[in-house]
Amino acid sequence: MKKISWMALLAAAALSINAHAAPERVGDFTLIDDTGKAHQLSKYAFNKAVVIVSQASGCSMNQENIARYKQLRTNWDHRGVSFLMLNSSVDDERADIRAEEAVWNYDFPIMDDDAQLVANALGVTQAGQVVVVDPVRMNILYRGPMPGQWARAPLGQTLEAIVADGADSRQMDTVTVDMEEAEGCALDFPVADQYVAEAPDYETEIAPILIERCVGCHVEGGIGPFAMNSHMMIQGWSPMIREVIMTNRMPPMQVDPAVKSFKNSGNIPTEERQKLIHWINAGSPRD
């Protein structure tokens, strides 16, 4: 009986830490933080790793781990690791993020993921999760909790491996460690859940957005590099469309709406960005 008990414990441990055969990938993105500064993942390519901590106002796990976050940064930022926070809570606006920072002094840039598209790309499911990304190859190398003793935990081992001389993240697995949900840390993803159940309709939902926001330039003979004149053409270019939307490169002349509003701003409303990206993630279906 004792042997069976130990086998059960080993099986449970194996389920709590899942190493995939190959590293997961994430596309490039740009988000604005609580101070108004933009952060583009690929612009951190001078670093060996970027640590992204999921954050939400009122999350007890974030608040209890502030000292650990700062200690982790102290130990690793001089070794080529950058640190960011990611707020993807549907309940938090930019003012709420600033208020939380003023009270708790996280002292990390807190990126505002109002559309929750970056959280979806990173596989974030709740506040308090820590994600380690190689910003050169865009590989996700760790996803899990902030451990009490990080040096011997998978998080510390992952960072040690990636900053080692000659390390190649293509040879590293994505380590996912299960974690418990703490008070105030639940993240709801109503739009993602909606579009997983049923992708946006191309004719009635996607095409009107493209006509309104893109077709003025993307026509035959226009200044856009391709014409959005058929579903097949748009489907073929959909990976590029996703990238330029996620990095805010298109449409041109986007202005941070939390700072200033311009009549001719190229901003795409959050709901339209969500429809476009989730439609592309679903394979850009015709119907």
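The structure this text deals with has already been given above.
All figures in this text were calculated on a predicted structure; none of them were measured in a lab.

Section: the packing of helix α10 (residues 238-246) against helix α11 (residues 270-281)
Piece 1. Two numbers describe how α10 lies on α11: the axes approach to 10 Å, and their chain directions differ by 145 degrees. Here α10 runs over α11; the crossing is left-handed. In this structure, α10 uses S238, I241, R242, I245 and M246 to contact α11, whose residues at the interface are R273, L276, I277, I280 and N281.
Piece 2. Tallied by class, residues from the contact of α10 with α11 come to six nonpolar, two polar and two charged.

A closer look at the packing of aromatic side chains
Piece 1. Counted under the stated rule, the structure contains five aromatic pairs.
Piece 2. Plain terms: the ring middles of F83 and F108 are 6.0 Å apart, the flat faces sit at 70 degrees to each other, and that makes the pair edge-to-face. In this pair, F83 sits in strand β6 (residues 81-87) while F108 sits in the loop between α4 (94-104) and β7 (110-112), placing the two residues 25 residues apart along the sequence.
Piece 3. Look at F108 and you get buried, because its relative accessible area is 4%.
Piece 4. Plain terms: the ring middles of Y202 and W279 are 5.6 Å apart, the flat faces sit at 20 degrees to each other, and that makes the pair stacked. Here Y202, found in helix α8 (residues 202-213), pairs with W279, found in helix α11; they are 77 residues apart in sequence, far enough to count as distant.
Piece 5. Overall, the relative accessible area of 10% leaves Y202 in the buried class.
Piece 6. Note on W279: relative accessible area 1%, which makes it buried.
Piece 7. One aromatic cluster is present, built from ring pairs that chain together Y69, F83 and F108.

Regarding the layout of surface pockets
Regions of empty space are outlined by a rolling probe, equal in size to a water molecule, passed over the atoms.
Piece 1. Here the largest pocket is characterised by a volume of approximately 600 Å³.
Piece 2. In terms of lining residues, the largest pocket is bounded by 27 residues, among which I32, D114, N248, P257 and R273 are the most central.
Piece 3. Put simply, the parts of the chain that give the lining of the largest pocket at least two residues each are β3 (30-32), α5 (117-122), α10 and α11.
Piece 4. The biggest single contributor to the lining of the largest pocket is β3, with three residues.
Piece 5. The residue inventory of the lining of the largest pocket, partitioned by class, reads 14 nonpolar, six polar and seven charged.
Piece 6. One number sums up the size of the second largest pocket: a volume of about 520 Å³.

About the thresholds
Residues numbered from 1 in each chain as written. Predicted model: local features only at pLDDT ≥ 70, side-chain atom pairs only at ≥ 80, totals over all residues. Heavy atoms only, no water. Axes fitted to C-alpha atoms, helices over the stretch in contact; angles between N-to-C directions. Helix = DSSP H or I, 4+ residues; strand = E, 2+ residues; numbered from the N terminus. Left-handed = near helix turned anticlockwise from the far one by under 90°. Contact = heavy atoms within 4.5 Å. Nonpolar A, V, L, I, M, F, W, Y, C, P; charged D, E, K, R; others polar. Phe/Tyr/Trp six-rings, centres within 6.5 Å; stacked < 30°, edge-to-face > 60°. Buried < 20%, exposed > 50% of the residue type's maximum accessible area, 1.4 Å probe, protein only. 1 Å grid on protein atoms, 1.4 Å probe; cavity = no way out; pocket = protein on both sides within 12 Å on 5 of 7 lines; lining within 4 Å. Points joined across faces, edges and corners; volume = space filled by probe spheres on them.

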